[in-house]
Amino acid sequence: MKKKKTGSIAIPFLIALLISLVLIGGAAIIIYDKIDSDDSSLISMVNEVGTLSEEDNHTIMFVLDMSDSLDFSSDDYEDDEDDEYNEDDEYNDDEEYPEDEEADSSKEYTYQPYTFMIMRSVPVDKKLTFMGLPSNMLLGEDNKSAQDIYIDNGSSALASSIEYTLGINIDRYMTFDTESFKKLCNILGGVTFAVPKGVKDVDTSEGEQYLSAEQIESIISCGSYSGGELQRISTTSSLITAMLNQTNGERIAGNLDNSFNSIINITQSNISAIDYNEKKYAIKFMLKYSSPQDSESRSTRAQFITPYGSSEGGKFVADKYFADDIKEYFEPAKEEEAEVQNTEQTEKAAENE
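Note that the coordinates shown come from a computational prediction; the quantities given were computed from them, not determined experimentally.

Colleague: Tell me about the overall build of the chain, and name the residues and values.
Modeller: Helix and strand counts for the chain come out as 13 helices and 12 strands. Burial status across the chain gives 42% buried among its 353 residues. When contacts within the chain are restricted to residue pairs at least 6 apart in sequence, long-range pairs at least 24 apart make up 75% of them. Carbon and sulfur atoms provide 49% of the accessible area of the chain, an area that totals close to 20,300 Å².

Colleague: Hey, could you go over the pairing of strand S6 (residues 172–176) for me, with residue numbers and the actual values?
Modeller: For S6, the buried fraction is high: four of the five residues fall into the buried class. The sheet contact formed by S6 and strand S9 (residues 268–269) spans two bridges and is antiparallel. Considered in S9, the bridge of Met174 is made with Ser269.

Colleague: An account of the nonpolar core is needed here, citing residue identities and associated values.
Modeller: Grouped together as the largest cluster of nonpolar side chains are 45 residues, with contacts concentrated most on Phe130, Leu211, Ile216, Leu239 and Ile240. In terms of residues, this core owes the most to one element, helix H8 (residues 228–246), which gives five residues. Setting aside residues up to four positions removed in sequence, Ile240 forms contacts with Met117, Phe130, Phe181 and Ile220. Core analysis: the second largest hydrophobic core is formed by 27 residues, Ile149, Ala159, Ile162 and Ile168 among them.

Colleague: Would you mind going over the environment of Ile118 in detail, with residue names and values included?
Modeller: Within the secondary structure layout, Ile118 lies in strand S2 (residues 114–122). The sequence separation of Ile118 and Thr129 amounts to 11 residues, and the corresponding C-alpha distance is 8.1 Å. Setting aside its immediate chain neighbours within four residues, Ile118 contacts Thr59, Ile60, Met61, Thr129, Phe130, Met131, Leu133, Ile162, Ile168, Ile170 and Phe330.

Colleague: Could you give an account of helix H10 (residues 256–264), naming the residues involved and the relevant values?
Modeller: Structural remark: α-helix, 3.6 residues per turn; residues separated by three or four positions point the same way. Along H10, the residues that are buried comprise Leu256, Ser259, Phe260, Ile263 and Ile264. Buried residues in H10, looked at end-on, bunch into an arc of 115 degrees, giving them a common side. Those residues of H10 hidden inside the fold are in contact with S6, helix H6 (178–188), helix H9 (249–254), S9 and helix H11 (273–288).

Colleague: Got a sec to walk through the sheet that holds strand S10 (residues 302–305)? Specific residues and values, please.
Modeller: Read across the sheet, six strands follow the order S9-S6-S1-S2-S3-S10 without closing on themselves; strand pairing throughout is mixed. Among the strands making up the open sheet, the edge pair consists of S9 and S10. Both strand S3 (residues 127–133) and S10 contribute to a ladder of four bridges, which runs parallel. Opposite Phe130, over in S10, you have Phe304 as the bridge partner. Sheet contacts for helix H5 (residues 155–166): strand S1 (58–65), S2, S3 and S6; angle to S1, the most-contacted strand, approximately 125 degrees.

Colleague: Tell me about the confidence of the model for the chain, residues and numbers included.
Modeller: In the predicted model, the chain carries a mean pLDDT of 80, and 70% of its residues have values of at least 70. For the stretch residues 73–95, pLDDT sits under 50, and the model shows 38 contacts to residues farther than four places along the chain or on other chains. Taken as a whole, residues 97–104 scores under 50 in pLDDT and shows 15 contacts with residues more than four places along the chain or in a different chain.

Colleague: Break down the packing of aromatic side chains for me, citing the residues and quoting the values.
Modeller: The full count for this structure, using the stated rule, is seven aromatic pairs. Ring centres 6.1 Å apart and planes at 40 degrees place the aromatic pair Phe62 and Phe176 in the tilted group. Of this pair, Phe62 sits in strand S1 while Phe176 sits in strand S6, and the two are 114 residues apart along the sequence. Residues Phe62 and Phe176 agree in their burial class; the two are buried. Through pairs of rings, three or more aromatic residues link up here, namely Tyr114, Phe116 and Tyr150.

Colleague: So what's going on with the environment of Leu64? Residues and values would help.
Modeller: Within the secondary structure layout, Leu64 lies in strand S1. The spacing of Leu64 and Thr178 is 114 residues in sequence and 7.7 Å in space, taken between C-alpha atoms.

Colleague: Break down unusual backbone geometry for me, with residues and values.
Modeller: Non-glycine residue Lys126 carries a positive phi angle of around 55 degrees. Considering the arrangement of structural elements, one finds Lys126 in the loop between S2 and S3. Lys126 gets classed as partly exposed once you look at its relative accessible area, which sits at 27%.

Colleague: Explain the environment of Ile271 to me, and be specific about the residues and the numbers.
Modeller: Summarising the element assignment, Ile271 is placed in the loop between S9 and H11. Since its relative accessible area comes to 16%, Ile271 is described here as buried. Discounting residues that sit within four places of it in the chain, Ile271 has contacts with Ile60, Arg172, Tyr173, Met174, Phe260 and Ile264.

Colleague: Mind laying out the pattern of salt bridges, listing which residues take part and the relevant values?
Modeller: Summed over the entire model, instances satisfying the criterion amount to nine salt bridges. The salt bridge partner of Asp152 is Lys144, with a shortest N-O separation of 3.1 Å. Here Lys280 ties to Asp257 by a salt bridge, and the two come within 3.6 Å at their closest N and O atoms. Of the two residues, Lys280 sits in helix H11 while Asp257 sits in helix H10, which places them 23 residues apart along the sequence. Look at Asp257 and you get partly exposed, because its relative accessible area is 25%. Taken together, the shared-partner salt bridges connect Asp257, Lys280 and Lys284 into one network.

Parameters and conventions
- Within every chain, residues take consecutive numbers counted from 1 along the sequence as written.
- Thresholds applied to this predicted model are a pLDDT of at least 70 for local features of residues and 80 or more for the giving and counting of side-chain atom pairs; totals over whole chains, interfaces and linings are not thresholded and use all residues.
- Side-chain calculation: all heavy atoms of the structure are included, whereas hydrogens and water are not.
- Secondary structure is summarised from DSSP: a helix means a run of H or I of at least four residues, a strand means a run of E of at least two, and numbering begins at the N terminus for each.
- Three exposure classes are used, based on accessible area relative to the maximum for each residue type with a 1.4 Å probe and protein chains only: buried under 20%, partly exposed in between, and exposed over 50%.
- Here, residues are in contact when the closest pair of their heavy atoms is within 4.5 Å.
- All accessible areas in this document rest on Shrake-Rupley with a 1.4 Å probe, and a residue is counted as covered only by the protein chains that are shown.
- In this analysis, strands are considered paired if DSSP registers two or more bridges between them.
- The set of buried Ala, Val, Leu, Ile, Met, Phe, Trp, Tyr and Cys residues whose side-chain atoms join them within 4.5 Å is what this entry labels a nonpolar core.
- This arc is taken over the directions from the axis of the helix to the C-beta atoms.
- Between N-to-C directions, angles cover 0 to 180 degrees, with each direction set by a line fitted to C-alpha atoms, over the stretch in contact for helices.
- Per-residue confidence from the predictor is given as pLDDT, running between 0 and 100.
- Working definition: a ring pair exists when centres of Phe, Tyr or Trp rings (six-membered ring for Trp) sit within 6.5 Å. Plane angles under 30 degrees give stacked, over 60 give edge-to-face, the rest tilted.
- By definition, a salt bridge exists where a carboxyl oxygen of Asp or Glu is found within 4 Å of a side-chain nitrogen of Lys or Arg.

This is the structure in structure tokens:
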């Protein structure tokens, strides 16, 4: 019997191994190129898994500028000098403002096209806090009204003025016009809300009712509330809070990427795609897991606070204690936080001496 040569077995084996490596390697290169050509897929995979921490907390200032659609000029806006609050008065979010139908009917209807609001997001606690600011509120080193600061210098300057006066940090801002705000309302799904009296183009006799984006704008832009600008901003904060609590968090979270892309492209903002990718896991988590198990119930993910103070010469001045009261909701401004840390270090050093 002839003995088989070892070389006759080894050569076919090596050829088969070489062919396998070529095939597997080629397939791997094709798959890698496919993944590498789609950066968004990589980003999506990385950011869909994550953990929550205080680093995910953030504060955004929102501006709704409807001056493009309302028949309005800055000269038409008159501050309500009767909107006065004593320093000893405690603001109540459930406060009922007096209604004088006869006075309202004789008054010319006015619009307020500028609305300013700050949102604090704390995903770890699944909580959102909204704070509306009166357009006639005095802010900044020069004590100018919020509206004047925005008209003269824009959203960035307004954010800096808020930080200076209230001692809170604002991370980013986003400015909506009429069309982009309507789109946002449609994304959230509208709201069921009890409309205050005196709003034009909205029937206020029905009590709580479902509102379209156009009706929401009418409520927010109404400048004829009997309680003045403070009632307008309190009503707006309550409405926005209700809309966030009534929306389906899981639905919004599932389509958040598309919603962000469609909104960010039609607004003025300093929020970047990198900012969104860093925060989106936490935002989706907060929205998804803050919806109640009972589909008939409303979420409590959002709450609101309203400034308290007094009007002087038609300009709203925040109470001297207000900035301290909101520190439990908002992150202190970086300068103020540094001062607090320096004070603490000085006190510790004094104790050790």
